[in-house]
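Secondary and tertiary structure notes
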Amino acid sequence: MRLVQYKDTSGAQHVAVVEDAKTLIPLKGVATTRELASAAIAEGTTMIAAAKARLGDTRVDYDEVAKSGRLLPPITHADPAHFLVTGTGLTHLGSASARANMHKADNKAADETDSMKMFRMGVEGGKPKAGEQGVQPEWFYKGDGSVVANPGADIPSPSFALDGSEEPEIAAIYVIDPEGNPVRIGFAIGNEFSDHVMERQNYLYLAHSKLRACAMGPELLLGDLPSHVEGTSRLYRDGKVIWEKPFLSGEDNMSHSLANLEYHHFKYDLFCRPGDVHAHFFGTATLSFADGIKTQDGDEFEIEAAPFGRALRNRLKTQAERKVTIRSI
């Protein structure tokens, strides 16, 4: 089952089941994915069962909602500060070479870059036995819920950015229950948009390079993530595809297990605050930047994978410069 969130023509928010490629079934009694998750937690049931129990009798035209710009990310929070967006890198079996080339320094004494060391650590210890903790992955913070662009909308890139390009990834979505326990409610395809030129200047700039917008959805996949996911990432310019490449994800194509990535995020008390929402990106091995593509304003990113239904599309838009003024009082 897959869910979407959208607004109707009056501006009211809804959550709906995707019946097929053209039809949505709005749920009764809940207006958001988060409300549905809270109900499922309270009832001790699954997201799928909770959604089935609330299926409405009406149908909504999916294309009309999408074309009118009323689709929302698959998860939202009324207070964006309580929606944390994070991720991990160097988690996929093909991810080492592109990152290592970005971080290679001619004056490095060792033959192995820090990226390659991190990748090797994941290959050797990222899939521990049940009940054990494996090696921790690279981790980064992207922002709060305010950085998540709607499906079909612009992805803003700050005026000071040196680059803005896509990273096709799967994000897992979580809510924290009243006792402070993380509850995974589903998965979404995502664009973990980043500044790779800044990152390439110095690996210690990775934290800066990740403080960018992102996008997810439009559909939330309920249940388990397939162990093997095949998708396609495309870049359009003036309506024409200028770059296209397949990507792989799922545990079969990763150096870390999902359980290990989840443990090393939620081991921190900070991330177990009741009522919070988390979107955690799981990394990728496919970047247009690694193939020498330089994006520009108006370029459109398209990321799709069959288990996640409708493709995610967003346009690149550079923001106007904002003067930073600090007052002392």
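This one's a predicted model, so the numbers in the text were calculated from it and none came from an experiment.

Moving on, we get to the overall build of the protein. Scanning the protein from terminus to terminus reveals 8 helices and 18 strands. Over its C-alpha trace the protein gives a radius of gyration of 20 Å, about what one expects of a compact globule, namely 20 Å for 329 residues. Burial statistics for the protein: of 329 residues in total, 51% are counted as buried. When the accessible surface of the protein is split by element, carbon and sulfur atoms take 51% of a total near 15,300 Å². Distance from the positive charge centre (36 side chains) to the negative charge centre (45 side chains) of the protein: 3 Å.

So, on to the domain arrangement of the protein. For the protein, the assigned domains read domain 1 (1-72) and domain 2 (76-318). Between domain 1 and domain 2, the contact holds 19 residues from the first and 20 residues from the second. Interface area, domain 1 with domain 2, both sides summed: about 1,700 Å², of which 59% is carbon and sulfur. Ranking the residues of domain 1 by area buried against domain 2 places R2, R34 and I41 at the top, with a combined share of 35%.

Our focus in this paragraph is the layout of surface pockets. Picture a little ball the size of a water molecule; that probe, rolled over the atoms, points out where space is still empty. The space that makes up the largest pocket amounts to roughly 300 Å³. Lining the largest pocket are 14 residues; nearest its centre among them are P158, S159, F160, Q319 and R322. Class assignment of the residues belonging to the lining of the largest pocket gives a composition of 8 nonpolar, 3 polar and 3 charged.

Those residues of helix α1 (residues 33-43) not exposed but buried are T33, L36, A37, A39 and A40. For α1, the angular spread of buried residues about the axis comes to 160 degrees, placing them on one side. For α1, the elements touching its buried residues are β1 (2-7), β2 (13-20), α2 (47-52), β10 (168-176), β11 (182-191) and β13 (220-221).

Here the focus is helix α8 (residues 258-266). Across the 9 residues that make up α8, a large majority, 7, are buried. Within the span of α8, buried status applies to L258, N260, L261, E262, H264, H265 and F266. Close packing links the buried residues of α8 with β6 (83-89), β7 (138-144), β10, β11 and β16 (277-281).

Here we take up the sheet that holds strand β18 (residues 312-318). The strand order across the open sheet formed by 5 strands is β9-β18-β17-β14-β15, and the pairing between neighbours is mixed. If you trace the sheet from one side to the other, it starts and ends with β9 (154-157) and β15 (240-249), each paired once. Taken pair by pair, the neighbouring strands of this sheet meet at an average axis angle of 25 degrees, ignoring direction. As paired strands, strand β14 (residues 229-237) and strand β17 (residues 300-305) are joined by 6 bridges and run antiparallel to one another. Across the sheet, the residue bridging to L235 is F301, located in β17.

Let's shift gears to the side chain of R212. Take R212: it is sitting in the loop between α7 (206-210) and β12 (214-216). There is a polar contact of 2.9 Å between the side chain of R212 and the side chain of D195. When sequence neighbours within four positions are dropped, the list of residues in contact with R212 reads K142, V147, P158, F160, A161, F193, S194, D195 and M198.

This brings us to the pairing of β16. Counting buried positions along β16 gives 5 out of 5 residues, so the element sits mostly inside the fold. With burial as the criterion, each face of β16 is covered, one bearing V277, A279 and F281 and the other bearing H278 and H280. Relative to β16, β6 runs parallel, the two sharing 5 bridges. Within β16, the position partnered with G87 by the bridge is F281. Examined bridge by bridge, β10 and β16 share 5 bridges and lie antiparallel to one another. Paired with A172 across the two strands is H280, which belongs to β16.

What follows concerns the packing of aromatic side chains. Aromatic rings considered in pairs are described by the distance between their centres and by the relative angle of their planes. Following the criterion strictly, the structure yields 4 aromatic pairs and no others. With centroids separated by 6.1 Å and ring planes inclined at 80 degrees, the aromatic side chains of Y268 and F271 adopt a geometry described as edge-to-face. In this arrangement the basic side chain of K210 is found over the ring face of F140, its NZ or CZ atom lying 4.6 Å from the centre. Over the face of the ring belonging to Y62 we find R310, whose NZ or CZ atom lies 3.8 Å from the ring centre.

Now for a nonpolar patch on the surface. On the surface, W139, Y141 and L211 cluster together into a nonpolar patch covering about 280 Å² of accessible area. Residue placement: Y141 occurs in strand β7. Classification of Y141 by relative accessible area gives partly exposed; the value is 37%.

Definitions and cut-offs
- Residues numbered from 1 in each chain as written.
- Predicted model: local features only at pLDDT ≥ 70, side-chain atom pairs only at ≥ 80, totals over all residues.
- Heavy atoms only, no water.
- Helix = DSSP H or I, 4+ residues; strand = E, 2+ residues; numbered from the N terminus.
- Rg over C-alpha atoms; globule rule 2.2 N^0.38 Å.
- Buried < 20%, exposed > 50% of the residue type's maximum accessible area, 1.4 Å probe, protein only.
- Areas by Shrake-Rupley, 256 points an atom, 1.4 Å probe, with all protein chains shown as cover.
- Lys, Arg positive; Asp, Glu negative; His and termini not counted.
- Charge placed at Lys NZ, Arg CZ, Asp CG, Glu CD.
- Domains from an automatic or database assignment.
- Contact = heavy atoms within 4.5 Å.
- Buried area = accessible area lost by both parts, 1.4 Å probe.
- 1 Å grid on protein atoms, 1.4 Å probe; cavity = no way out; pocket = protein on both sides within 12 Å on 5 of 7 lines; lining within 4 Å.
- Points joined across faces, edges and corners; volume = space filled by probe spheres on them.
- Nonpolar A, V, L, I, M, F, W, Y, C, P; charged D, E, K, R; others polar.
- Arc of directions from axis to C-beta.
- Pairing = 2+ DSSP bridges.
- Axes fitted to C-alpha atoms, helices over the stretch in contact; angles between N-to-C directions.
- Polar contact = N/O pair within 3.5 Å; in protein donor to acceptor, adjacent residues only side chain to side chain.
- Phe/Tyr/Trp six-rings, centres within 6.5 Å; stacked < 30°, edge-to-face > 60°.
- Lys NZ or Arg CZ within 6 Å of the ring centre and 35° of its normal.
- Patch = residues over 30% accessible without salt bridge, like charges linked within 9 Å, V, L, I, M, F, W, Y side chains within 5 Å.
- Salt bridge = Lys/Arg side-chain N within 4 Å of Asp/Glu carboxyl O.

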